[in-house]
Amino acid sequence: QVQLVESGGGLVQPGGSLRLSCAASGIIFSIATMGWYRQAPGKQRELVARISSGERTNYADSVKGRFTISRDNAKNTVYLQMNSLKSEDTAVYYCTSAIRTTLWARRDYWGQGTQVTVSS
């Protein structure tokens, strides 16, 4: 079965850094587009960053310049390096995978999420 397991969340002070990891299994990782979403209390779930199989990246404007998404295909793992963290970054962060199965369909998977809390 497909599993996406996030780790690395926790409590950090404003201005600090965290590195989230997502270990994937049950998929052909190298052809998947991987991403990170987050959901803060009272807010809609939003895309934070994504990285394609060709390592093209996209970031939300709110994190651009502070967060970096990367992948290690040999380890079936995607990372989110978060620097200069702000209180508004507090959220549950979810790892996602998207694989194109046909010209007209794709399959999406979600991890269980990891809590990131930025507070002094």
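To keep things clear, this report deals only with the structure shown in the data block. Fair warning: this is a prediction, and the values are worked out from it, not measured in the lab.

### Considerations on the sheet that holds strand β3 (residues 18-25)
Read from one edge to the other, the open sheet built from 4 strands follows the order β1-β3-β8-β7, with strand pairing classed as antiparallel. Looking along the sheet, the strands with just one partner apiece sit at the ends: β1 (3-7) and β7 (67-72). The average undirected angle you get between the axes of adjacent strands in this sheet is 15 degrees. Examined bridge by bridge, β7 and strand β8 (residues 77-82) share 6 bridges and lie antiparallel to one another.

### Points about unusual backbone geometry
One non-glycine residue, E55, lies in the positive phi region at around 65 degrees. Its location among the elements puts E55 in the loop between β5 (46-51) and β6 (57-59). Not every positive phi belongs to a glycine, and S84 is a case in point at roughly 50 degrees.

### Some details on the side chain of R38
Topologically, R38 is positioned in strand β4 (residues 33-39). According to the relative accessible area criterion, R38 is buried, its value standing at 6%. A distance of 2.9 Å separates the side chain of R38 from the side chain of Y93, its partner in a polar contact. In contact with R38, other than residues within four places in its own chain, are Q44, R45, E46, V48, S62, V63, F67, E88, D89, A91, V92 and Y93.

### Some words on the pairing of strand β10 (residues 105-110)
Sheet topology places strand β9 (residues 91-102) next to β10; 6 bridges connect them, and they run antiparallel. Bridge pairing in β10 places S97 opposite Y109. Hairpin remark: β9 followed by β10, antiparallel, with 2 residues in the connecting loop.

### Remarks on the state of the cysteines
The tally for this structure, following the rule as stated, stands at 1 disulfide. Residue pairing for C22: its cysteine sulfur links by disulfide to C95, the two sulfurs lying 2.0 Å apart. Here the S-S torsion is close to -80 degrees, and the disulfide linking C22 with C95 is therefore left-handed. Taken together, the residues C22 in strand β3 and C95 in strand β9 connect sequence positions 73 residues apart. Both residues of the pair, C22 and C95, belong to the buried class.

### Digging into the pattern of salt bridges
Per the stated rule, a full pass over the model turns up 5 salt bridges. Of the charged contacts in the structure, one is a salt bridge between K64 and D61, with a shortest N-O distance of 3.2 Å. For D61, a relative accessible area of 67% puts it in the exposed group. D89 is paired through a salt bridge with R66; the nearest N and O atoms lie 2.8 Å apart. Residue D89 is located in the loop between β8 and β9, and its partner R66 is located in the loop between β6 and β7; the two are separated by 23 residues in the primary sequence. Residues D89 and R66 agree in their burial class; the two are buried.

The rules behind the values
- Residues numbered from 1 in each chain as written.
- Predicted model: local features only at pLDDT ≥ 70, side-chain atom pairs only at ≥ 80, totals over all residues.
- Heavy atoms only, no water.
- Pairing = 2+ DSSP bridges.
- Helix = DSSP H or I, 4+ residues; strand = E, 2+ residues; numbered from the N terminus.
- Axes fitted to C-alpha atoms, helices over the stretch in contact; angles between N-to-C directions.
- Buried < 20%, exposed > 50% of the residue type's maximum accessible area, 1.4 Å probe, protein only.
- Polar contact = N/O pair within 3.5 Å; in protein donor to acceptor, adjacent residues only side chain to side chain.
- Contact = heavy atoms within 4.5 Å.
- Disulfide = S-S within 2.5 Å.
- Salt bridge = Lys/Arg side-chain N within 4 Å of Asp/Glu carboxyl O.

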